[in-house]
Amino acid sequence: MDDLPPTPITSLTPELVQQLREQALDVLSYLVKTNSATTYFKESDVLPQFRAALHLTDGSHKGVRDYSAKELFEIYHNNVGLSVYKDYLPTIARFFEHPCNKSSVENLMVPGLPVFIAHSSGTSGGAAKYFPKYRHPEHMSRATAETVRHAIPQSSNAGKNCIIFSLACRQVVTPLDEDGDIAKHIPVCLLTSGLGRMENNMLVEEDAFSATLKIPNYSSPVAVSFISNYKSFLFMHALFALVEPKLETISTVFTTSCRDLCRTIDDHWENLVHCIETGVIPDIEGIEHVKDNLQRFLQSSPDRAEELRRIEKLPGWLKRVWPQLRAIPANASGPFSTVIPEIRHYIGPDVSIESVAIASSEAYLAIAYDPRDLNLYKVVGSDDVIEFLPVDEPEESKYLAQSWNVESGRKYEVVLTTRDGFWRYRLGDVVEIAGFDPRDGQPLIRYVERRSMHIRLANEVTTETQLRDVVGATSNLFGGVSEFCVTADYRQAVARYAFLVELQGDPGANISAVPAALHGQLQKHNENYLKDSRVGKIGVPCVRVVRPGTFGDFREWKVRTKGGASGQVKVPHCDVGRDRSCMVGSTSCL
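What you are looking at is a predicted structure, and each value in this text was computed from that prediction instead of being measured.

Draft legend 1. Molecular detail of the overall build of the protein chain. A tally of regular secondary structure across the protein chain gives 20 helices and 21 strands. Radius of gyration (C-alpha) of the protein chain: 25 Å, near the 25 Å computed for a compact globule of 590 residues. Projected onto its principal axes, the C-alpha coordinates of the protein chain cover approximately 75 × 65 × 50 Å. Pairs at least 24 apart in sequence give 67% of the contacts found in the protein chain among residues at least 6 apart. When the accessible surface of the protein chain is split by element, carbon and sulfur atoms take 48% of a total near 24,600 Å².

Draft legend 2. View of the environment of E285. As for its placement among the helices and strands, E285 is situated in the loop between α12 (269-278) and α13 (291-296). The residues contacting E285, other than those within four sequence positions of it, are N229 and S232.

Draft legend 3. Up close: the sheet that holds strand β9 (residues 357-359). In space, the seven strands of this open sheet follow the order β9-β10-β11-β15-β14-β13-β12, with antiparallel pairing throughout. One side of each edge strand has no neighbouring strand; the edge strands of this open sheet are β9 and β12 (385-390). Taken pair by pair, the neighbouring strands of this sheet meet at an average axis angle of 45°, ignoring direction.

Draft legend 4. Up close: the pairing of strand β2 (residues 130-133). The alternating pattern of β2 places Y130 and P132 on one face and F131 and K133 on the opposite face, and all of these are buried. Pairing of strand β1 (residues 116-119) with β2 involves four bridges; the strand directions are antiparallel. The residue of β2 that forms the bridge with A118 is F131.

Draft legend 5. Expanded view of the sheet that holds β1. A sheet is described by the order of its strands in space; here four strands give the open sequence β2-β1-β5-β4, paired in mixed fashion. For this open sheet the edge positions go to β2 and β4 (171-173), each flanked by a neighbour on one side alone. On average, adjacent strands in this sheet sit at an angle of 25° to one another, irrespective of strand direction. Against the sheet, helix α8 (residues 191-199) touches β1, β2 and β5 (186-189), its axis set at about 155° to β1.

Draft legend 6. Examining the side chain of R426 more closely. Examined against the element boundaries, R426 turns out to sit in strand β14 (residues 425-436). Within polar-contact distance, the side chain of R426 engages the side chain of E413 at 2.7 Å. Setting aside its immediate chain neighbours within four residues, R426 contacts L82, S83, V84, L389, E395, E413, V414 and R451.

Draft legend 7. A look at the packing of helix α17 (residues 464-478) against helix α18 (residues 514-525). Where α17 contacts α18, the two axes come as close as 9 Å, and the packing angle between them is 150°. Relative to α18, the crossing made by α17 is right-handed. Between α17 and α18, the contacting residues are Q466, L467, D469, V470, A473, T474, L477 and F478 on the first element and V514, A517, L518, Q521, L522 and H525 on the second. The residue makeup of the contact of α17 with α18, split by class, is nine nonpolar, four polar and one charged.

Draft legend 8. Structural detail: empty space enclosed by the protein. On inspection of all chains with the given rule, the structure shows three cavities of 30 Å³ or more. Size it by volume and the largest cavity reaches roughly 100 Å³. At the level of secondary structure, the elements contributing two or more residues to the lining of the largest cavity comprise α1 (14-35) and β12. For the lining of the largest cavity, the element with the highest residue contribution is α1, accounting for three residues. The residue makeup of the lining of the largest cavity, split by class, is six nonpolar, five polar and one charged. T256, P335, F336, E483, F484, F551, R555, V569, K570, V571 and H573 are the residues that line the second largest cavity. Listing elements by their share of the lining of the second largest cavity, those giving two or more residues are β18 (481-489) and α20 (550-562). Split into classes, the residues belonging to the lining of the second largest cavity amount to six nonpolar, two polar and three charged.

Draft legend 9. Focus on the pattern of salt bridges. Going through the model one piece at a time under the given rule, you end up with 41 salt bridges. The salt bridge involving K378 is made with D440; its shortest N-O contact spans 2.8 Å. Here D440 lies in the loop between β14 and β15 (443-450) and K378 lies in strand β11 (residues 377-379), a separation of 62 residues in the sequence. Through salt bridges that share partners, R259, D260, R263, E342, E483, E502 and R555 make up one connected network.

Draft legend 10. View of α1. Spanning 22 residues, α1 covers 31 Å between terminal C-alpha atoms, matching the ideal 32 Å at 1.5 Å per step. On the buried face of α1, the contacting elements are α2 (39-43), α3 (48-53), α4 (69-79), β12 and β13 (411-417).

Draft legend 11. Quick peek at the nonpolar core. In terms of nonpolar packing, the biggest core is built from 74 residues, with M236, L242, I250, I265, L294, V321 and W322 touching the most fellow members. Of all the elements, helix α10 (residues 230-243) adds the most residues to this core, at ten residues. The contact partners of M236, leaving out residues within four places of it in the chain, are S220, V224, I227, I281, P282, I284, I287 and L294. V27, V46, M109 and V379 belong to the second-largest nonpolar core, a separate cluster that totals 65 residues.

Draft legend 12. The packing of aromatic side chains, seen in detail. Following the criterion strictly, the structure yields 20 aromatic pairs and no others. Aromatic side chains F254 and F336 sit 4.4 Å apart centroid to centroid with 10° between the ring planes, which places their arrangement in the stacked category. Of this pair, F254 sits in the loop between β6 (247-251) and α11 (255-267) while F336 sits in the loop between β7 (327-329) and α16 (340-347), and the two are 82 residues apart along the sequence. Each of the two residues, F254 as well as F336, counts as buried. Aromatic side chains W269 and W317 sit 5.1 Å apart centroid to centroid with 90° between the ring planes, which places their arrangement in the edge-to-face category. With W269 in helix α12 and W317 in the loop between α14 (302-309) and α15 (318-321), this residue pair connects regions lying 48 residues apart in the sequence. By relative accessible area, which is 7% here, W269 ends up buried. Residue classification places W317 among the buried residues on the basis of a relative accessible area of 1%. One aromatic cluster in this structure is built from Y40, Y85, Y88, F131, F422 and Y425. Over the aromatic face of Y76 sits the side chain of R424, whose NZ or CZ is 4.5 Å from the ring centroid.

Procedures and definitions
Residues numbered from 1 in each chain as written. Predicted model: local features only at pLDDT ≥ 70, side-chain atom pairs only at ≥ 80, totals over all residues. Heavy atoms only, no water. Helix = DSSP H or I, 4+ residues; strand = E, 2+ residues; numbered from the N terminus. Rg over C-alpha atoms; globule rule 2.2 N^0.38 Å. Contact = heavy atoms within 4.5 Å. Areas by Shrake-Rupley, 256 points an atom, 1.4 Å probe, with all protein chains shown as cover. Pairing = 2+ DSSP bridges. Axes fitted to C-alpha atoms, helices over the stretch in contact; angles between N-to-C directions. Buried < 20%, exposed > 50% of the residue type's maximum accessible area, 1.4 Å probe, protein only. Polar contact = N/O pair within 3.5 Å; in protein donor to acceptor, adjacent residues only side chain to side chain. Left-handed = near helix turned anticlockwise from the far one by under 90°. Nonpolar A, V, L, I, M, F, W, Y, C, P; charged D, E, K, R; others polar. 1 Å grid on protein atoms, 1.4 Å probe; cavity = no way out; pocket = protein on both sides within 12 Å on 5 of 7 lines; lining within 4 Å. Points joined across faces, edges and corners; volume = space filled by probe spheres on them. Salt bridge = Lys/Arg side-chain N within 4 Å of Asp/Glu carboxyl O. Expected span 1.5 Å × (residues − 1). Core = buried A, V, L, I, M, F, W, Y, C linked by side-chain atoms within 4.5 Å. Phe/Tyr/Trp six-rings, centres within 6.5 Å; stacked < 30°, edge-to-face > 60°. Lys NZ or Arg CZ within 6 Å of the ring centre and 35° of its normal.

Take a look at the structure:
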């Protein structure tokens, strides 16, 4: 591989410490001096101590510019506590008032009006969260630019990219000016959808025109991104990708979407090839509003169809479909690692799977550091102030560590002060420090888990990471696990864990031994599980092997019923709650 990064270092030199400190102070100074003019900063119940320390109790912000970066950091460090989403909800809710008046939402979190409002995918349960996203100057947008560069590689051989992202909106917020006219159309959508619009200058009020376009070097017309039905969305991406013999990359937000795409191609192969041969878009659900635009870009290609029909479905056969396929940029760490063996079955060993970034609706946290390591990321400290709360310390701001004094090997919850107006916001993601980049000192991290994501029946608390380790240790007995989730089963006198599992292929010869093996691994990984199971408080797990495609069907159901966006629905490893009722189709119960 070209341009491999240097070997990480385990400690920082004094020069690197100073460099990191200066960068963080400069970013914080910009954020405070810019966002202290906003409604949230002036009115928030989270920041009164900060405002008082800055002598801004009269609502003014002009005096902030008199402080040096060092002075601002000290005041911030000592006077801003931790915050959570509910601290922002009353303010953000103003965007969803009827009517929404411009005077109520302008300069709300950041000066001006947002470009879009990102909504969370709701993976952790509960209602979606909303995060206004604003346009920022170039020096405060480096993380975004770097992530886009990783996600959409440039070809030097005129190759095509299959870029799987959605432009669907949950709604459009339209603030009214004093004359009652619409001041701006603000789409409410996923972060990737909003950034896709920003990168390609696609205004939501011009969607009808955008749907007629095809971006150079993309395999799919833009119209595909307006399809909300997940299965039809994948079918159309598959169709237009198969048309292109020079496809080089398949870029998805998560590896699970790539796996679903591969299965779509496999399951609908004859139909897809027939469409290429005839040049006719089929009548499938959910494409009526864009079918004409799709048809404009599909031409009859009997030669390509014949070429595809000659391909045998042997391991790695998609590499014969696309001989130039070289990379799949998709987040592949944490819960997205289990589908990699199945993707490899389709693409073979030579196509690289490359994690892109750790990103959330709140902010971009880190970008991939080494393409050989799918769970090694470099913190990007140029856009936001990123701090670290040790998971083994009290959950208070005074225990926060900075990028220049975190410790290698230690686990932290990420805390963000963002360019979009959030202050010491608890992200909920736990990461482990894996060293530092010797070039600029930025911490290197490994994603561990969601801090709140766990399952508990008695006195034990089993984390998402422990569940992944347990399933990984028993995967061969299963016959290869593609995806799984775990929920509580109270149907018997003794509660137990229930594993819902989708396999990569046929069940293993010794799959009947899986429940006992899972029980043993849970006892090995969790001391309290061991104690509680020995005294009869937790029973041997039950296992339901669901039919192939069930997790994909779940993603489609979430898109259809919960307002999600195609290509970016996550299935949590720990308890899908009441949603699990749509995953009951099974091939066997153990």
